[in-house]
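Fold and contact review
Single-letter residue listing:
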Amino acid sequence: MDLYFTRHGKTEWNNERRFQGMMGDSPLLPHSYEEIRLLGQHLQKVPFEKIYTSSALRAQKTAMGIAEQLDQKVEIVVSDGLKELGLGDLEGQFIDEMYERYPEELKNLRHHLDKYDPSIFHGEPIQDALARIEKVVTEAVAAAEKGPLLFVGHGASLTAAIQWLLGKDLADLREMGGLVNNSLTLLEAEEPQRKLPYRLKIWNDTGFLGSDAEVDALL
């Protein structure tokens with residue numbers, strides 16, 4: 001069974017380099033709707049059984065925009081379990097300023113999740129985010145008739161969770177870099193058991209977005 005994953009369209013806070021976690025939810029940028037349309041057209045012929053999206057509005061609008069481009073109608077399932085990593089006191093703060101205040105913690109968020117401890121700013125442990133996303137994905141896979149399925153999520157949590165679903169350790173979850181907005185990643189839940197770990201087929205593809213796609217953003 002094929003499992004498609006995408007990160008929501010770029011938002012105002014992404015553009016302003018502000019942290020945007022579980023509680024933050026700024027509007028999509030105008031040009032993001034065009035990139036969402038391009039992603040939807042790229043997926044136009046895929047007969048999705050269901051689309052699962054984070055309950056954050058930026059993700060829901062991304063899911064709806066993709067669905068509008070598909071050849072066949074598909075149910076969109078909204079889930080809190082797919083929300084972004086909780087960032088506590090960092091929500092809405094400028095990333096560069098917070099790096100000066102919490103250099104070790106934020107370096108580990110970006111590069112060494114096995115050492116990441118967000119307690120100083122009341123953030124969500126990465127293990128908790130991985131557990132909730134794994135639950136949504138594996139339950140969706142188990143409930144599906146034959147797929148494929150599409151999951152719409154967020155930069156930090158989805159980047160880590162996809163690598164986790166591939167069977168990697170905490171220390172290796174950021175080794176392939178972060179997901180670009182509106183990029184496409186494809187995994188396979190191999191039949192007949194569909195059990196973890198899944199197999200990677202495509203990672204962070206943006207070729208259908210053209211040359212202007214952003215290549216690096218954390219949240």
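What counts and what doesn't
Residues numbered from 1 in each chain as written. Predicted model: local features only at pLDDT ≥ 70, side-chain atom pairs only at ≥ 80, totals over all residues. Heavy atoms only, no water. Helix = DSSP H or I, 4+ residues; strand = E, 2+ residues; numbered from the N terminus. Buried < 20%, exposed > 50% of the residue type's maximum accessible area, 1.4 Å probe, protein only. Contact = heavy atoms within 4.5 Å. Areas by Shrake-Rupley, 256 points an atom, 1.4 Å probe, with all protein chains shown as cover. Axes fitted to C-alpha atoms, helices over the stretch in contact; angles between N-to-C directions. Parallel < 35°, antiparallel > 145°, perpendicular 65-115°, else oblique. Left-handed = near helix turned anticlockwise from the far one by under 90°. Nonpolar A, V, L, I, M, F, W, Y, C, P; charged D, E, K, R; others polar. Pairing = 2+ DSSP bridges. Phe/Tyr/Trp six-rings, centres within 6.5 Å; stacked < 30°, edge-to-face > 60°. Lys NZ or Arg CZ within 6 Å of the ring centre and 35° of its normal. Core = buried A, V, L, I, M, F, W, Y, C linked by side-chain atoms within 4.5 Å.

1. Considerations on the overall build of the protein
Within the protein, the secondary structure is distributed over 7 helices and 6 strands. Dimensions of the protein, computed from the C-alpha atoms along their principal axes, are close to 50 × 40 × 30 Å. Taking all 219 residues of the protein together, the buried fraction comes to 54%. Taking all contacts inside the protein whose residues are at least 6 apart in sequence as the whole, residues at least 24 apart take part in 75%. Carbon together with sulfur atoms contributes 48% to the accessible area of the protein, which is approximately 9,900 Å² in total.

2. Brief notes about the packing of helix H2 (residues 30–42) against helix H3 (residues 57–69)
Where H2 meets H3, the axes come as close as 8 Å, and the angle between the chain directions of the two elements is 45°. The orientation of H2 with respect to H3, classified from their angle, is oblique. In the crossing of H2 with H3, the sense of the turn from one axis to the other is right-handed. Facing Tyr-33, Ile-36, Arg-37, Leu-39, Gly-40 and Gln-41 of H2, the residues of H3 in contact are Lys-61, Thr-62, Gly-65, Ile-66 and Gln-69. Across the contact of H2 with H3, the residue classes break down as 4 nonpolar, 5 polar and 2 charged.

3. Side note on the pairing of strand E4 (residues 149–153)
Judged by how many residues are buried, E4 sits mostly within the fold: 5 of 5 residues are covered. Alternating positions in E4 separate into two faces, Leu-149, Phe-151 and Gly-153 on one and Leu-150 and Val-152 on the other, with burial throughout. Relative to E4, strand E1 (residues 2–7) is paired through 5 bridges, and the arrangement is parallel. Counterpart to Arg-7 in the pairing with E4 is Gly-153. With 4 bridges connecting them, strand E2 (residues 50–54) and E4 associate as parallel partners.

4. Let's talk about the packing of aromatic side chains
Applying the stated criterion across every chain yields a total of 5 aromatic pairs. Arranged with centres 5.0 Å apart and planes meeting at 20°, the rings of Phe-5 and Phe-151 form a pair that is stacked. Taken together, the residues span a long stretch of sequence, with Phe-5 in strand E1 and Phe-151 in strand E4 at a distance of 146 residues. Taken together, the ring pairs in this structure connect Phe-5, Tyr-52 and Phe-151 into an aromatic cluster. In this structure, Arg-18 packs its charged tip against the face of Phe-94, placed 3.9 Å from the ring centre.

5. Concerning the sheet that holds E1
Taking strand neighbours across the sheet as the criterion, the 6 strands line up as E3-E2-E4-E1-E5-E6 in an open arrangement whose pairing is mixed. The strands lining the two open edges of the sheet, one partner per strand, are strand E3 (75–79) and strand E6 (199–205). Averaged over all pairs of adjacent strands, the angle between their axes in this sheet comes to 20°, without regard to strand direction. Bridging between strand E5 (residues 184–188) and E6 involves 4 bridges; their strand directions are antiparallel. Paired with Leu-186 across the strands is Ile-202, a residue of E6. Its contacts with the sheet place helix H7 (residues 155–165) against E1, E4, E5 and E6, and it is angled at close to 155° to E1.

6. Focus: helix H5 (residues 103–111)
Of all the positions in H5, only Glu-105, Leu-106, Asn-108, Leu-109 and Arg-110 are classed as buried. Elements in contact with the buried residues of H5: helix H4 (95–101).

7. Description of the nonpolar core
Soluble, globular proteins show a tendency: their nonpolar side chains are buried together. Counting 41 residues, the largest nonpolar core has Leu-3, Phe-5, Ile-126, Val-137, Leu-149 and Phe-151 as the members making the most contacts within it. Broken down by secondary-structure element, the contributors of at least two residues to this core are E1, H4, H5, helix H6 (126–143), E4 and H7. When residues of this core are assigned to their parent elements, the largest contribution, 8 residues, is made by H6. Excluding residues that lie within four positions of it along the chain, Val-137 makes contacts with Leu-3, Phe-5, Phe-151, Leu-165 and Tyr-198. Residues Val-46, Ala-59, Leu-70 and Leu-150 belong to the second largest nonpolar core, which totals 20 residues.

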